[in-house]
Amino acid sequence: MFTNCSLGHCHIIIAVVLWSICVDSRKIRGISLSCTAACPNGRFYCTNLGYRSHYIPSSRVNDGICDCCDASDEYRSQTPCQNTCRNLGQRERAEVEGQMRVLGEGLRLKQQLIEEGVLTWREKQAQLRDLQRVSDDLQTQLDDLRKEEARRKEEADALRERVIGARETADNSPTSHYRTESPISVFKELDSNRDGSITVDEVQAKVSPVQDEEHALSEDEAVALLGGAHRVDLSRFEETLWTSLRTGDSVTIKGRHGVPGSLADEDPNIKAAVSAAEKAAADLKRVEDAYETVYMEIRDLREKLSLDYGSEREFLFLHNQCFQLKVHEYIYELCPFSQVTQKSASGEVVSLGKWGSWAGSPEKQYYQMRYESGEPCWQGPTRNTMVMLICGTETALRSVKEPSKCQYVMELQTPVSCQPALRQRGIHSEL
């Protein structure tokens, strides 16, 4: 072809031809500007200047449908395609800019929540230490008050016994007879049927309270006087009912008058001792109640501090909060680190799961929450819920779905799920 040209002229001609081929190729539709093949794997290249370039299958070229926003795929068809790349690019850039503004605000709020979480964590740790010191002090008080209460009660009982004994000796009351009578004679007096034992019925028939002989003992009272038994022999009688009769301050055999025990209660010394014992018991009860309250606070606080609130305590603020969303006739409620419930229009509340654990991947551990072991479905599995955390400038429950029977998926929007690694998608800026 170039047989008549000199070597130098041939080189120039060849260079011009190659340059013209490369220049013309830029005008051929469906070819990437990187000079790849025109139809690699049967694909057509949409340049889409001002928007995102992409490939479409070659079969969709000139098919009457506008696939490329720059209308380059319908260059031979009769379809009047408009170039919409500029509008699409502007719209997408506006969307991404909005997303980036949300991300920026979310990251700012997240940092604020992290700082608040760290402070709250330290405050809770200090509170736990303070409560533990209070608990230790209360435990010491309890030990002392228990000893004091026992001592006061013992003193009051001993004084009462001495006063009763002295008055029984001085008083010719029937109850003093129990001091001189033998237990055998009293046993025989109570053993109406002479069977060698005393029953509950015989006690109810012949024994009454010292202050009211007309009052009949109940079966439980009679059983208590017999030491919890319904029938006792002489030996057991001496250990139970006989002791109460000799004391004379609670029961007596009907027909025998005198109430030294009741009179003893009027003694000023006994009154003072009983009052001191009652005060000691009241002080003990007050400290026991305070100790129980502190114990419950310590238990709840330890449980709260044992949960995983994120690597920077950023999720701590969610504790003790609940978020609701109404979907059709149901109200769904998510209480992070606690439970998920579903409330029907009739007011019935169903558990959709209790807090289980974080369920995200190792790289995104804190993106999913698992709530499990909810109420069983009718002829179905136990209800479980997976909560997906998404970035946003406020914390709110955004959606609830049931992709499979009794398996729920929720979306919880919150600033603490915003990550700086989120980058804007690539968009052509050419206009």
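Just so we're clear, the structure is a prediction, and the values are computed from it rather than from any experiment.

Visitor: Describe in detail the overall build of the protein, supporting the description with residues and values.
Guide: When helices and strands are counted, the protein shows ten helices and 14 strands. Across the 431 residues that make up the protein, the buried fraction comes to 35%. Look at the contacts in the protein between residues 6 or more apart in sequence, and 50% of them connect residues 24 or more apart. Accessible area for the protein stands at about 25700 Å²; split by element, carbon and sulfur atoms hold 51% of it.

Visitor: Help me get a handle on helix α10 (residues 268-305), residues and values and all.
Guide: Over its 38 residues, α10 runs 55 Å from end to end, which matches the ideal 56 Å to within 8%, given 1.5 Å per residue. Those residues of α10 not exposed but buried are Ile270, Ala273, Ala277, Ala280, Asp283, Leu284, Val287, Val294, Ile298, Leu301, Lys304 and Leu305.

Visitor: Kindly report on the confidence of the model for the protein, identifying the contributing residues and their values.
Guide: Residues with a pLDDT of 70 or more make up 82% of the protein, whose mean pLDDT is 82. Taken together, the stretch residues 423-431 has pLDDT below 50 and engages in 20 contacts with residues farther than four places along the chain or on a different chain.

Visitor: Can you break down the environment of Trp242 residue by residue, with the values?
Guide: Of note, Trp242 is situated in helix α8 (residues 241-247). Residue Trp242 is classed as buried on the basis of its relative accessible area of 7%. The spatial distance from the C-alpha of Trp242 to the C-alpha of Leu226 is 9.2 Å, given a sequence separation of 16 residues.

Visitor: Account for the side chain of Glu74, with residues named and values stated.
Guide: The topology assignment puts Glu74 in the loop between β2 (54-57) and α2 (85-170). Put simply, Glu74 is tucked away with no salt bridge, and the nearest opposite charge, on Arg60, sits 8.0 Å away. A polar contact is formed between the side chain of Glu74 and the backbone nitrogen of Asn62, at a distance of 3.3 Å. In this structure the side chain of Glu74 is engaged in a polar contact, spanning 2.8 Å, whose partner is the side chain of Ser77. Sequence-distant contacts of Glu74, that is, excluding residues within four places in its chain, are made with Arg60, Val61, Asn62, Asp63, Gly64, Ile65, Cys66, Asp67 and Cys81.

Visitor: I'd love a proper account of the pairing of strand β8 (residues 330-335), names of residues and values included.
Guide: With five bridges joining them, strand β7 (residues 323-327) and β8 adopt antiparallel strand pairing. Each bridged residue has a counterpart across the sheet, and for Lys326 the counterpart in β8 is Ile331. Hairpin geometry of β7 and β8 is characterised by an intervening segment of two residues between the two adjacent antiparallel strands and by a positive phi of about 60° at His328.

Visitor: Describe in detail the packing of aromatic side chains, supporting the description with residues and values.
Guide: Two measures describe an aromatic ring pair: the distance that separates the ring centres and the angle between the ring planes. The tally for this structure, following the rule as stated, stands at 14 aromatic pairs. Ring geometry for Tyr330 against Tyr332: centres 6.3 Å apart, planes inclined by 55°, an arrangement best described as tilted. Judged by its relative accessible area of 27%, Tyr330 falls in the partly exposed class. Seen in terms of ring centroids, Tyr332 and Tyr408 are 6.4 Å apart; in terms of plane orientation they differ by 55°. Their pairing is tilted. Of this pair, Tyr332 sits in strand β8 while Tyr408 sits in strand β14 (residues 407-414); the two residues are 76 residues apart in sequence, bridging distant segments of the chain.

Visitor: Explain the sheet that holds strand β12 (residues 384-391) residue by residue, including any values.
Guide: Strand-to-strand pairing in sheets goes through backbone hydrogen bonds, with the strands running parallel or antiparallel. As summarised here, the arrangement of the eight strands in space is β7-β8-β9-β10-β11-β12-β14-β13, forming an open sheet in which the pairing is mixed. Only two strands of the sheet have a single partner each, and these edge strands are β7 and β13 (396-404). Going from strand to strand, the sheet's axes swing by 25° on average, the running direction of each strand aside. In this structure, strand β9 (residues 339-343) lies alongside strand β10 (residues 349-358), joined through five bridges in antiparallel fashion. Across the sheet, residue Lys343 finds its bridge partner in β10, namely Val349.

Visitor: Before we move on, could you go through the pattern of salt bridges and cite the residues and values that matter?
Guide: Where charged atoms from two side chains of opposite charge come close, those side chains can pair. Counting across every chain of the model gives 18 salt bridges. Two residues, Arg152 and Glu155, come together in a salt bridge whose shortest N-O distance is 4.0 Å. You can see Arg152 and its partner Glu155 sitting in helix α2, three residues apart, about one turn around the helix. Here Asp195 makes a salt bridge to Arg231, at a shortest N to O gap of 3.1 Å. Placement of the pair is Asp195 in the loop between α4 (183-190) and β3 (198-199) and Arg231 in strand β5 (residues 231-232), with a sequence separation of 36 residues. Counted as one network, the salt bridges with shared partners bring together Glu148, Arg151, Arg152 and Glu155.

Visitor: Requested: an account of α4, with residues and values cited.
Guide: All buried positions along α4 are accounted for by Pro183, Val186, Phe187 and Leu190. Each buried residue of α4 sits inside an arc of 105° when the element is viewed along its axis, so together they form one side.

Visitor: Report on the nonpolar core, specifying residues and quantitative values.
Guide: The biggest cluster of nonpolar side chains holds 37 residues, and the ones touching the most others in it are Phe315, Leu334, Phe337, Trp358, Met369, Val387 and Met410. Residue assignment for this core shows that the elements contributing at least two residues are α2, α10, β8, β10, β11 (368-372), β12, β13 and β14. Ranked by the residues each element gives to this core, the list is headed by α2, at seven residues. Met369 has contacts with Leu318, Pro336, Phe337, Trp355, Ser357, Trp358, Thr385, Met386, Val387 and Leu389, leaving out every residue within four places of it along the chain. In this structure, Val186, Val200, Val232 and Leu241 belong to the second largest nonpolar core, which totals 19 residues.

Visitor: For unusual backbone geometry, give the residues involved together with the corresponding values.
Guide: Excluding glycine, residues mostly have negative phi values, and the peptide bonds linking residues are mostly trans. Located in the positive-phi region is Arg194, a residue other than glycine, with phi close to 55°. Residue class for Arg194 comes out exposed when judged on its relative accessible area of 59%. Non-glycine residue Asn320 carries a positive phi angle of around 70°. Positionally, Asn320 belongs in the loop between α10 and β7. Owing to a relative accessible area of 64%, Asn320 belongs among the exposed residues under this scheme.

What counts, and at which threshold
- Every chain is numbered on its own, with residues counted from 1 as its sequence reads.
- Residues qualify for local features only when their pLDDT is at least 70, as the model is predicted, and side-chain atom pairs are given and counted only at 80 or more; totals for whole chains, interfaces and linings, by contrast, use all residues.
- To obtain the side-chain values, all non-hydrogen atoms of the structure were included, while hydrogens and water were left out.
- The numbering of helices and of strands both runs from the N terminus, where a helix is a DSSP run of H or I of at least 4 residues and a strand a run of E of at least 2.
- Three exposure classes are used, based on accessible area relative to the maximum for each residue type with a 1.4 Å probe and protein chains only: buried under 20%, partly exposed in between, and exposed over 50%.
- When checking whether two residues touch, look at their non-hydrogen atoms; a contact exists if any pair is within 4.5 Å.
- Exposure was quantified through the Shrake-Rupley algorithm and a 1.4 Å probe, taking into account, for residues, occlusion by the shown protein chains and nothing else.
- By definition here, a helix of n residues has an expected span of 1.5 Å times n minus one.
- Scored from 0 to 100, pLDDT records how confident the predictor is in each individual residue.
- In this charge count, Lys and Arg are treated as positive and Asp and Glu as negative; neither His nor the chain ends contribute.
- Any carboxyl oxygen of Asp or Glu that lies within 4 Å of a side-chain nitrogen of Lys or Arg is treated as forming a salt bridge with it.
- In protein, a polar contact means a hydrogen-donor-capable atom and an acceptor-capable atom, both N or O and within 3.5 Å, with residues adjacent in sequence counting only if both atoms are side-chain atoms; elsewhere, any N or O pair within 3.5 Å suffices.
- Pairing between two strands requires that DSSP report at least two bridges joining them.
- We call Phe, Tyr and Trp rings a pair once their centres come within 6.5 Å, taking the six-membered ring for Trp, and we label the pair stacked below 30 degrees between planes, edge-to-face above 60, and tilted otherwise.
- For helices, the fitted axis covers only the stretch in contact; all axes are lines through C-alpha atoms, and the angles between them, taken along N-to-C directions, range from 0 to 180 degrees.
- Regarding the arc, it is the one traced by the directions from the helix axis to the C-beta atoms.
- The set of buried Ala, Val, Leu, Ile, Met, Phe, Trp, Tyr and Cys residues whose side-chain atoms join them within 4.5 Å is what this entry labels a nonpolar core.

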